[in-house]
Amino acid sequence: MGNHGMEDLIPLVNRLQDVMGRVGQNSSLHLPQIVVVGGQSAGKSSVLENFVGRDFLPRGSGIVTRRPLILQLLHADSEYGEFLHCQRKKFTDFDEIRKEIEEETRRLTGSNKGICPVPINLRIHSPHVLNLTLVDLPGITKVPVGDQPADIEYQIRDMIMQFICKDNCLKSHLETKTCPLSLMSPLGQRTIGVITKLDLMDEGTDAREILENRLLPLRRGYIGVVNRSQKDIDGKKDIKAALLAEKKFFLSHPAYKHMAENMGTPYLQRTLNQQLTNHIRETLPAFSCHLQSQFLALNKEAEEYRQYITRSLCVLVQRLAVDFEKLIEGSGDKVDTANLSGGARINRIFHEQFPCELVKIESDERKMRQEINYAIRNIHGVRTGLFTPDLAFEAIVKKQISRLKGPCLKFIDLVSQELITTVYECINKLSSFPKLRDETERIVTTEIHEQENKFLSSESLPFAVVQVIRKGWLTISNIGIMKGGAKEFWFILTAESLSWFKDDEEKEKKYMLPLDNLKLRDVEKGFMSSKFIFAVFNTELRFVFLACNSQEELDSWKASLLRAGVYPEKVPVSASTPTSTSLNPSLTLAVGSCTCLHLTFVSYALFAFANLKAWP
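Everything quoted here is computed from the prediction, not taken from an experiment.

**Observations concerning the overall build of the protein chain**
Across its full length, the protein chain carries 14 helices and 17 strands. The long-range fraction of contacts in the protein chain, counting pairs at least 24 apart against all pairs at least 6 apart in sequence, stands at 67%. When the accessible area of the protein chain is evaluated, it comes to approximately 35,000 Å², of which 54% is carbon and sulfur surface.

**Quick word on helix 3 (residues 94–109)**
If you check helix 3, its first and last C-alpha atoms are 23 Å apart, about what 16 residues at 1.5 Å a residue would give, namely 22 Å. Listing the buried residues of helix 3 in full gives Phe94, Ile97, Glu100, Ile101, Glu104, Thr105 and Thr109. Down the axis, helix 3 shows its buried residues gathered within 145° of arc, on one side only. Contacts made by the buried residues of helix 3 are with helix 2 (44–52), strand 2 (69–75), strand 3 (80–83), strand 4 (86–91) and strand 5 (120–126). N-capping of helix 3 is provided by Asp93, with a side-chain oxygen placed 3.0 Å from the backbone N of Asp95. Taken from the residues just after helix 3, Gly110 is the one with a positive phi, measuring 80°.

**Things to note about the nonpolar core**
Ranked by size, the top nonpolar core spans 33 residues in total, and within it Phe51, Phe56 and Leu122 carry the most contacts. With residues up to four places along the chain from it excluded, the contact list for Leu122 reads Phe56, Leu69, Ile70, Leu71, Gln72, Glu82, Phe83, Ile97 and Ile101. Phe489, Leu498, Val544 and Leu554 belong to the second-largest nonpolar core, a separate cluster that totals 22 residues.

**Concerning the pattern of salt bridges**
Side-chain pairing between opposite charges can occur once the charged atoms of the two side chains come close. Counted by the stated rule, this structure contains 13 salt bridges. Put simply, Glu104 and Arg107 hold a salt bridge, and the shortest N to O gap is 2.8 Å. A residue pair is termed a helical-turn pair when its members lie 3 or 4 positions apart in one helix, as Glu104 and Arg107 do in helix 3 at three residues. For Glu439, the salt bridge identified is with Arg442, shortest N-O distance 2.5 Å. Highlighted residues: Glu439 and Arg442, both in helix 12 (residues 434–457), separated by three residues, approximately one helical turn. Judged by its relative accessible area of 37%, Glu439 falls in the partly exposed class.

**Overview of the sheet that holds strand 17 (residues 567–568)**
If you trace the eight strands from one edge of the open sheet to the other, you get 13-12-11-10-16-15-14-17, paired in mixed fashion. Across the chains shown, the open sheet's two edge strands, defined by having one partner strand only, are strand 13 (509–514) and strand 17. Contacting strand 10 (468–476), strand 11 (487–494), strand 14 (519–522), strand 15 (532–537), strand 16 (543–548) and strand 17, helix 13 (residues 551–563) runs over the sheet at an angle of about 135° to strand 10.

About the criteria used
Residue numbers here run from 1 along each chain, matching the order of that chain's written sequence. Reporting in this predicted model follows two pLDDT cut-offs: at least 70 for local features of residues, and 80 or more for side-chain atom pairs to be given and counted; totals over whole chains, interfaces and linings ignore these cut-offs and use all residues. Remark: hydrogens and water are excluded; side-chain values derive from all non-hydrogen atoms of the structure. Every helix listed is a DSSP run of H or I at least four residues long, and every strand listed is a run of E at least two residues long, numbered separately from the N terminus. Contacts are assigned to residue pairs that have any heavy atoms within 4.5 Å of one another. Accessible areas in this description were obtained via Shrake-Rupley with a 1.4 Å probe; residue shielding takes into account the shown protein chains only. In this analysis, the expected span of each helix is defined as 1.5 Å times one less than the number of residues it contains. Remark: exposure states derive from per-residue accessible area (1.4 Å probe, protein chains only) relative to the maximum for the residue type, with buried under 20%, exposed over 50%, and partly exposed in between. It is the directions from the helix axis to the C-beta atoms that the arc portrays. Polar contacts, as used here, are pairs of N or O atoms within 3.5 Å; protein pairs need one atom able to donate a hydrogen and one able to accept it. Residues neighboring in sequence count only if both atoms are side-chain atoms. Nonpolar core, defined: a set of buried Ala, Val, Leu, Ile, Met, Phe, Trp, Tyr and Cys residues in which side-chain atoms within 4.5 Å join the residues together. Definition used for salt bridges: Asp or Glu carboxyl oxygen within 4 Å of a side-chain nitrogen of Lys or Arg. Any two strands between which DSSP finds at least two bridges are classified as paired. Geometry is summarised by axes, namely lines fitted to C-alpha atoms with helices restricted to the contacting stretch, and by angles between N-to-C directions that run from 0 to 180 degrees.

Now the structure itself:
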């Protein structure tokens, strides 16, 4: 480990770092740490992955590291990763670690290429690493790309300077080949230079003068490394094989073979471990004194506020409940004009996504009749039945209900996830009280999951009362219940009926059509007509021809009718169509009877599901 008796220093600093991260505030305590700085595509990610011996960092074009990553490497017998924001969860799959970094980055920075100074804390336990703590920062860039802010260069520089200007910080500066070091500590006292991608230098050139610390001297010197190329990464080249190739490169290169023992990734890792340990030991007395003075000051302040803390915590929890209710009910003080949030997202799931999923469920009437035929004949067996068996209807209905199960489970899961997301949005205000935040999060999410399981296990679903689905003007033309020509009326579509009034004051109702057995039929637009027409009719073949002013309005009304349970007319199966059904008249009658029962049941089920309301 380099310094006997000092092996526990780095884990100790890691624990202090975790404590400050949980508190969620920037302390004046500057912990000893190594900050990794370099330009975009300088090879920072490759070097860190070589330390661990695993691929676990996000990769891509442009700026990939958009939040500081505090990477704590701990020597251990087993290999796994832990995130500070995912307590008590161990990641043994390093691909999952990469996905978690990407998701946690997007949570604060969004999908664009912006950056955020809030760090991600990752601890990796492995038998292949030395105790080491590194802070990986976004790569230095000059030109903004895509939807990056115009001052992205200055944002990154400000973030880097916040880390490297601290006296307790060691800086590992990575640059490709012979690019100059643009950000260094004063006089290079706390900078360790790392030259990457030496194997990509032009033939006849080398970085010997830099590595020998003669061109741009640094107190702690330079170390050269060779990273895997993008082709090697895409080809899943093993990191162990890459390290062997790196060692062979330095031993065989005429400019570097005399210093090969002081080059390469393993030597860099040992050097950083030793430098960090020594740095902690040097700064420990002053750091301990500063920590003690802050502890006494904070303890004195805590005593002054102790009598108010219980009341303050109660107020925070009550405020959390109020904020959650406002986000769900839509009565918040601040209105988000960029994205849907809370109750609006749940409303979209109920009234847009879920009905669309139900409409996608279509049945082939010919195939259904064949299935009913087989079911009836199988139930009768060798006997000739006189009545339609209930078991045939039950078997077909169960099969249809099973098709509704998938969209319903997906729908419940989406609502549950939105509720949990809303909880996370509110609970961040408790970040100064990590134990209260974690316990509140556990209790609320557990209650949501229990309610979800209770809802799934219930025998009946809550159905909505009669609700207005759509209002608007439509023109009625050429129907028998009216005299005269086309005329415009104010229509109201509810979950139970289609009504029209003289005007939008809704005082004088002209007519009402119940939605039971109501069907929808497309009508071809006339040659001389400027209107877009469709028709609705019932079992009595009473047709009502309705005209709109545009195709968009026509499609919108048809979508609303679908949501209300009014479906397009089915094309009847021709009697001459060859099927495998029997020519037995009684069997044909039984099939028709069972088919009508089935269609009625499915129509009611789809109507009920499409008009679900969120539980309170």
